[in-house]
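Each chain, written out:
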Number of protein chains: 2
Amino acid sequence: MKKNNVENILNEPEIRENKRLVDETIQRLLPEKHSINEINLLYQMMKDYPSRPAKSLRSSVCLLTCQAYGGTIDKALITASSLDLFQNWILIHDDVEDQSELRRGGPALHHKYTIPLAINAGDALHGKMWSFLYHNRDILDDETTLLVINEFLNMLNETTEGQHMELSWVHENQWNIKQDDYLIMCKKKTAWYTCITPCRLGNLIATNTDLNKNDFVNFGEDLGIAFQIRDDILNLIAGTKYGKESAGDLIEGKRTLILIHLLESASTKDRENIENILGGNRQMREQNYKTILELIHKYNSLQFATEIADKFSHSALTEFDKIFDQLPDSRSKLLLRNITEYIVSRDW
Amino acid sequence: MKKNNVENILNEPEIRENKRLVDETIQRLLPEKHSINEINLLYQMMKDYPSRPAKSLRSSVCLLTCQAYGGTIDKALITASSLDLFQNWILIHDDVEDQSELRRGGPALHHKYTIPLAINAGDALHGKMWSFLYHNRDILDDETTLLVINEFLNMLNETTEGQHMELSWVHENQWNIKQDDYLIMCKKKTAWYTCITPCRLGNLIATNTDLNKNDFVNFGEDLGIAFQIRDDILNLIAGTKYGKESAGDLIEGKRTLILIHLLESASTKDRENIENILGGNRQMREQNYKTILELIHKYNSLQFATEIADKFSHSALTEFDKIFDQLPDSRSKLLLRNITEYIVSRDW
């Protein structure tokens, strides 16, 4: 596949059509209007993030996997939409937890409406996700409906555990983090909801057979790790290009592979300086993050992280071929391969 | 029934045994230990509120309703435990939203562990609630498992809408609230999860027949309103007796029936004073809540609220008899009647 094709993957007509169907499903199944003004505002808040521009990668991966295994879009549509809804409600809470200011090019929901209203709207949207999955009864049998629910339970479990790991490092001012800790956190926080579960759900709905515990796990972990490391890199170099604060991770004090390498490589004096800045309060980090950027440059930590991301990218693509070579060639399989390449090579 | 019996209802051996089973189920189904220290901390946080002393009213109502309709405890145990779990995770988020300091006699979870960790632990516990309900598959058929899930979906929907109404009044500094607005908020925020849904679930599991939309709604609404108004009254007069801050509602700026009456009855000058204090920041309210207490006394607002609560209590008991007179007399029916009386007459 030519690089150009990978970059334009999201413009492929099938991908665009899938995204349109998912967006339409979300808007249709979320509540529209309420005669009580206050509740109407809650409904607006719930539709806020889902209405902002997004790539809908998770739903795409789910739908294409379903198709590659011979399933049809209509059977997987509510499930795929619920994956995007999962991302939306959890981002509302993440943004409060991380004190993020921007999301998808606009103010974070709690900046628009206050923290208490945003937490509650996240809970309400979380409820709607399960409500969508309950509506799978209209198109799937009860057993499959419940198996899909079980996949979401595992995904939520992994994601909240990963999120807890990351948050507790920040809040306990923990710097003694090894690369392996970071990789476990990545798998839990990112790989499950971005890669593993979308693939598993597409497969489950297409084949109607119960999944094994490890199906798609190796592939999805490698893909998720590559995705997260590149996300960390982009966060440092991309400015406000993709709708978040420039160097937002540094300002939030997040532990990334880049920082782990930096701390391991830095001289004692530099390390002390880094810990002082990052271990200070938000204002401290806002005022001094450029010093950290310079040290990242000095110790080649971006380059290190890129190499690790490349390693996991390569491994993810090898795993992909191992799994999907067993299936007949199809347009959806090709698109899924391209989306995988797009995810691991992301420079968007 | 003698008043003494109503007061001692929670000490009845059947009620104590039900509570013991529910507590044991929650502790057994929540995750125990994890080899990663950080995740172990998350598990501790999830078990924190469920381990504090609580009355477990919602699970009691569910189990007794199930028994009164001829069902057995074992079929309803996971569902009843999930009701208590619902209360636990939503209280974690409520305490952040309301900036509460105490819960069940100890510091609120976010005071013990920071706001970000508490929000995430609430999400993780929320996930466990659905996980419990998925485990109903072990004891119920798939259709009933899904119908139980649907009852939880409605309950969560109503509760988050009610919570949103209350929060938005505070955050928009809205004082022009009528008694009817308050009653709608009460039904949504309190009646569904405290009364309506516990009864509906007990009935559903016992009879294995699909519920009508309105089953137990009138009864549960009246009961929930009576309960909430008395909760508001107790919050003002009970000091720290039941594990929350004294006059916490005033300090949080909550709109209660007492305040609605006060604002409607007060002279222009007094009303201005009240709005200045309650519409100020938290510190303003902390320093001046005693002035509000004096005005509540001056305008007999507590007495007014008590009369309305009595009206709804009476109506709830009448509704109870209308519904349950159709059932044969039983020990569980008697206990449920006593618990209903206990809830509406609460001075605990």
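Because the structure is predicted, anything quoted here is derived from the model rather than measured.

Rules of the game
Residues numbered from 1 in each chain as written. Chains lettered and ligands numbered in written order. Predicted model: local features only at pLDDT ≥ 70, side-chain atom pairs only at ≥ 80, totals over all residues. Helix = DSSP H or I, 4+ residues; strand = E, 2+ residues; numbered from the N terminus. Rg over C-alpha atoms; globule rule 2.2 N^0.38 Å. Buried ≥ 20, exposed ≤ 12 C-beta atoms within 10 Å, placed from the backbone. Contact = placed C-beta atoms within 7 Å. Axes fitted to C-alpha atoms, helices over the stretch in contact; angles between N-to-C directions. Parallel < 35°, antiparallel > 145°, perpendicular 65-115°, else oblique. Left-handed = near helix turned anticlockwise from the far one by under 90°. Nonpolar A, V, L, I, M, F, W, Y, C, P; charged D, E, K, R; others polar. Least-squares fit on C-alpha atoms with pLDDT ≥ 70 in both. pLDDT = per-residue confidence, 0-100.

Peer 1: Would you take a moment to explain the overall build of chain A for this structure?
Peer 2: Scanning chain A from N- to C-terminus turns up 16 helices and two strands. A compact globule built from 348 residues should have a C-alpha radius of gyration of about 20 Å, and chain A, at 20 Å, falls within 12% of that. By principal-axis analysis of the C-alpha atoms, chain A measures approximately 60 × 55 × 35 Å. Looking at chain A as a whole, 51% of its 348 residues are labelled buried. Nonlocal contacts in chain A, meaning residues at least 24 apart in sequence, comprise 77% of its contacts between residues at least 6 apart.

Peer 1: Sorry, what's going on with the packing of helix α10 (residues 217-237) of chain A against helix α15 (residues 301-324) of chain A here?
Peer 2: Two quantities define a packed helix pair, namely the angle between the helix axes and the distance between the axes. Residues and elements named next belong to chain A. Between α10 and α15, the shortest axis-to-axis distance is 8 Å and the interhelical angle comes to 150 degrees. By the angle between their axes, α10 is roughly antiparallel relative to α15. Here α10 and α15 pass one another in a crossing that is left-handed. Within the contact between the two elements, α10 uses N218, F219, D222, L223, I225, A226, I229, R230, D232, I233 and L236 and α15 uses L302, A305, T306, I308, A309, F312, S313, S315, A316, E319, F320 and I323. Residues of the contact of α10 with α15, tallied by class, amount to 15 nonpolar, four polar and four charged.

Peer 1: Help me out: how do you make sense of the relation of the copies chain A and chain B in this one?
Peer 2: Applying a rotation about an axis and a shift along it to one chain copy brings it onto the other copy. When chain A is brought onto chain B, the operation consists of a screw motion whose angular component is 180 degrees and whose axial shift is 0.0 Å, with 0.0 Å RMSD remaining. The two molecules are tied by a two-fold rotation axis, judged by turn and shift. Proximity to the rotation axis, assessed at the C-alpha, singles out A:D142 in chain A; its C-alpha lies 3.2 Å from the axis. Same-surface contact between copies: 100% of interface residues of chain A are shared with the interface of chain B.

Peer 1: I keep staring at the interface of chain A and chain B and nothing clicks. Help me out?
Peer 2: A common way to express how large an interface is: the accessible area buried when the components associate. Opposite the 39 residues of chain A that make contact, chain B presents 39 residues. When contributions to the side of chain A that touches chain B are tallied by element, the ones reaching two or more residues are α3 (37-51), α5 (73-97), α7 (115-135) and α8 (142-171) of chain A. Tallied by class, the residues present in the side of chain A that touches chain B amount to 18 nonpolar, 14 polar and seven charged.

Peer 1: Before we go on, may I ask you to explain the packing of α5(A) against α7(A) in this structure?
Peer 2: All names here are of chain A. Here α5 crosses α7 at 165 degrees, and the two axes come no closer than 9 Å. In terms of orientation, α5 and α7 fall into the roughly antiparallel class. Helix-helix and strand crossings are classified by hand; for α5 and α7 the assignment is left-handed. Within the contact between the two elements, α5 uses I78, S81, S82, L85, F86, N88, W89, I92, H93 and V96 and α7 uses I115, A118, I119, A121, G122, L125, H126, K128, M129, F132, L133 and H135. Classifying every residue of the contact of α5 with α7 by side-chain character gives 14 nonpolar, seven polar and one charged.

Peer 1: Just to check I follow, could you spell out the confidence of the model for chain A for this structure?
Peer 2: Parts of the prediction with low pLDDT should not have their coordinates interpreted in detail. The pLDDT averaged across chain A works out to 93; a share of 95% of its residues lies at or above 70. As a predicted assembly, this complex carries a pTM of 0.94 together with an ipTM value of 0.94.

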